[in-house]
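What the coordinates show
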Amino acid sequence: MYRLVISFLLLLSPVILKANDGYKLWLQYLPFENKAVADYYQDYLGNITLVGKSPTHEVIRRELEIAIEGFFKGTITPSIADHNEYGLIWIAKSEDLSGTFKAAIGEKSKEIKDDGYLIKYSQGKIVVTANSDIGLLYGTFALLKKIQTREKLEGMEILENPKIQLRLLNHWDNLNRTVERGYAGFSIWNWHRLPHHIDQQYIDYARANASIGINGTSVTNVNANALVLTPEYLEKAAALADAFRPYGIKIYLTARFNAPMILDSLPTADPLDLQVQAWWKKKAEEIYSYIPDFGGFLVKADSEGQPGPHNYGRTQAEGANTLADAVKPFGGIVMWRAFVYNEKTPTDRIKQAYDEFKPLDGKFRDNVIVQVKNGPLDFQPREPFHPLFGSMPETPLMMEFQITKEYLGQESHWVNLATMWEEVLQSDTYAKGVGSKVINVLDGSLHGYKLTGMAGVSNIGTDRNWTGHHTGQADWYAFGKLAWNPESHIEEIIGDWLKMTYSNDPDFVNPAKNIALNSYETLVNYMTPLGLHHIMARSHHWGPGPWVTGGGRDDWTATYYHKADKKAIGFDRTESGSNALAQYTPEWKNVWGDPETTPMAFLLWFHRVSWDKKLSTGNSLWDEMALRYQQGVEGARWMQNEWSKLEGKIDTERFTHISSFLNIQATEAEWWRDSCLLYFGQFSGMPLPKGVEKPKHDLQYYLNFKRNFVPGI
Ligand code: GCW
């Protein structure tokens, strides 16, 4: 054992105030704040043994070096032995552990599954072990996180197995580098420079994802370009796959359903046509010749203009199965999206996916998993859970969350998405009685699914800080954590993220955490209180647009959803209306069927309510709505104010960036409140209650408000 000398003076410099552009995400490996802390961890970090050789081991070694460099500000030279009985941190697969360590770990190692890991303190040493190389990488990241968050290592015992198998990012990135619903610059995939140039950002992307357990990425938009399936692009995709492989990240591609017609002029893309089936088989063979561990396809079909089996009178299952058969021999899967709806179908849009998929339960091949958005509409600020969860016992379903905030203020609003996700994940579907939570559907335990998964639509772009808003990184981080374990506590997630990304100072972490945890309800209040939905501006969805009406598609307007008139507002989804409620279990029908028992969060989602109806708060519906909009604005100002108190606690660069975005948020919250209340006020005809500020402009001003080139379309 040896002790390394640390320059005490260096450690005293005001490190946190140095400029920081956020590029390093939560892998900042911030310097230890004082000598005592540094000395404590130095004993361990100065004596690491890493056993084994593989590209992933190289990644582990490199990550340890980066971390040590950061923690000690380059004052010690990392030296990681590949065999040294005296190592205080031992990182080795269970098969590589020596007898002493095996004995110390005992039976525990048998509980490690898949890419899980065990970290155990025993007789002055820390052992990180796993059954796979990737498990070892995950374990290493977990240990580094403990050090980043300054936890004591003595007595540590952590056994972690992933609860969900497929933990994927979905990029809606186009081959021309624009990103659909992307607000952080252009696509990070520089297809033109691939395959020859592997940008450092790809590696850092893989590191970041591996550090939170993400093990797959679908790199292209679900509004798919068939070109990605041609050799020109497969070669490039293969280069990405090679770069990601040591990090345990598989690549997936989006498949355009009529690719056989586009690429090879087949007369049809009918999934039951033998020629078409042969085409997909050949295509799969070709893809696997480039990418031997290709994950499979993600498909958006029969939705928003995308081709699909409907074009040939076939079902979603028939469509999915043709692609599934093609990738099956190579171990590939198909993620088939349930986001299928059509403006020509006269039923309530939110009913359509269930109506179409439920009868197909059990009809999909065993390598198909149906990917379902969290709610039945479309990534609104708040939706009840999708009724397909719990309704497809014979067909594995995976979750699709949207990390990019298309309908939630886009990049400039701070909203802790994990709060929303937790609400959905913890919802009880009652599919098999009490305790049939969405989580239990997703982790496979409720229905015995063989495939399990969770996908997050990425918020990543070329912005130096990756996500536009610095706090957008927290959503990426939280997504990974929840995909690994949907039962994770969101307070802990945000707390860890703040510590790793900014500082361990509780005077920063606690107030910042408090802002984050209040941000979701705040946003819902100033955008869509009481169950309002889809009242954003047309097409780009930035800002309010409750007046959006007409045009080609009714189901893309706001009036379709709020149905405000002089008497009432809201969408009746009970028996007397669209009866979307019938898609839920009786427990929910009871609660949501009656406006008196419906939580206010979903009141106007399920009911039409008259403006003067007295609610449980004692307020009329109109007053309640107005007060909530006001509360949202005050919440946004509160966030701004709380944040301003943290000046000096972190680097100026990120502090200022967030402050400036909070200004935007507070201004846009007023914009939402004023325009929605002016617009809805025309119908209610009622005055604003006491406490609600007067709008800054008249309705006409908001109706005329236009912005060109809003990003992300
Ligand atoms: O919310 C909508 C978006 C579309 C997106 C679609 C989908 C990729 O406005 O841009 O298309 O969802 O999820 O397919």
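Here is a short report on the structure shown in this document. Because the structure is predicted, anything quoted here is derived from the model rather than measured.

Cut-offs applied
Residues numbered from 1 in each chain as written. Predicted model: local features only at pLDDT ≥ 70, side-chain atom pairs only at ≥ 80, totals over all residues. Heavy atoms only, no water. Salt bridge = Lys/Arg side-chain N within 4 Å of Asp/Glu carboxyl O. Helix = DSSP H or I, 4+ residues; strand = E, 2+ residues; numbered from the N terminus. Buried < 20%, exposed > 50% of the residue type's maximum accessible area, 1.4 Å probe, protein only. Pairing = 2+ DSSP bridges. Axes fitted to C-alpha atoms, helices over the stretch in contact; angles between N-to-C directions. Contact = heavy atoms within 4.5 Å. Near = heavy atom within 4 Å. Polar contact = N/O pair within 3.5 Å; in protein donor to acceptor, adjacent residues only side chain to side chain. Areas by Shrake-Rupley, 256 points an atom, 1.4 Å probe, with all protein chains shown as cover. Nonpolar A, V, L, I, M, F, W, Y, C, P; charged D, E, K, R; others polar.

Quick word on the pattern of salt bridges
Evaluated as defined, the whole model comprises 45 salt bridges. With a closest N to O distance of 3.7 Å, E157 and K108 form a salt bridge. In this pair, E157 is assigned in strand β6 (residues 157-160) and K108 in the loop between α4 (99-105) and β4 (117-122), connecting sequence segments 49 residues apart. For E157, a relative accessible area of 40% translates into the label partly exposed.

A short note on the sheet that holds strand β3 (residues 89-91)
Here six strands make up an open sheet; going across it, the order is β2-β1-β3-β5-β4-β6 and the pairing mixed. The sheet is open, and its two edges are formed by β2 (80-81) and β6, each paired on a single side. Here β4 runs beside strand β5 (residues 125-130); their pairing, made up of six bridges, is antiparallel. Its bridge partner lying in β5, L118 is registered against T129.

Points about the sheet that holds strand β9 (residues 250-254)
Within the closed barrel, the eight strands sit side by side as β7-β8-β9-β10-β11-β12-β13-β14. Their pairing is parallel. With direction set aside, neighbouring strand axes in the sheet form an average angle of 25 degrees. Two elements, strand β7 (residues 166-170) and strand β8 (residues 216-218), share three bridges in a ladder whose sense is parallel. Residue pairing across strands places L169 opposite T217, the latter belonging to β8.

What about unusual backbone geometry?
Most peptide bonds take the trans form, and the phi angle of most residues other than glycine is negative. In this structure, the amide linkage connecting L194 to the following residue, P195, adopts the cis form with an omega of 0 degrees. Here P195 shows up in the loop between β7 and α6 (200-211). Backbone geometry places Y430, a non-glycine residue, at a positive phi of 60 degrees. For Y430, the position within the fold is in the loop between α12 (417-425) and α13 (438-442).

Re the side chain of S427
Mapped onto the elements, S427 comes out in the loop between α12 and α13. Setting aside anything within four residues of it in sequence, one finds S427 in contact with F385, S436, K437 and V438.

What to know about the site of the ligand
Looking at the ligand, there are 15 residues lining it, with E180, K300, K373, D378 and E406 nearest. Here K300 contributes a side-chain N or O atom positioned 2.6 Å from an oxygen atom of the ligand. Interatomic distance of 2.7 Å between a side-chain N/O atom of K373 and an oxygen atom of the ligand. Protein contacts shield 97% of the accessible area of the ligand, which totals 340 Å² for the unbound molecule. Counted by class, the shell around the ligand contains four nonpolar, three polar and eight charged residues.

All we've got here are geometric facts, nothing functional implied.
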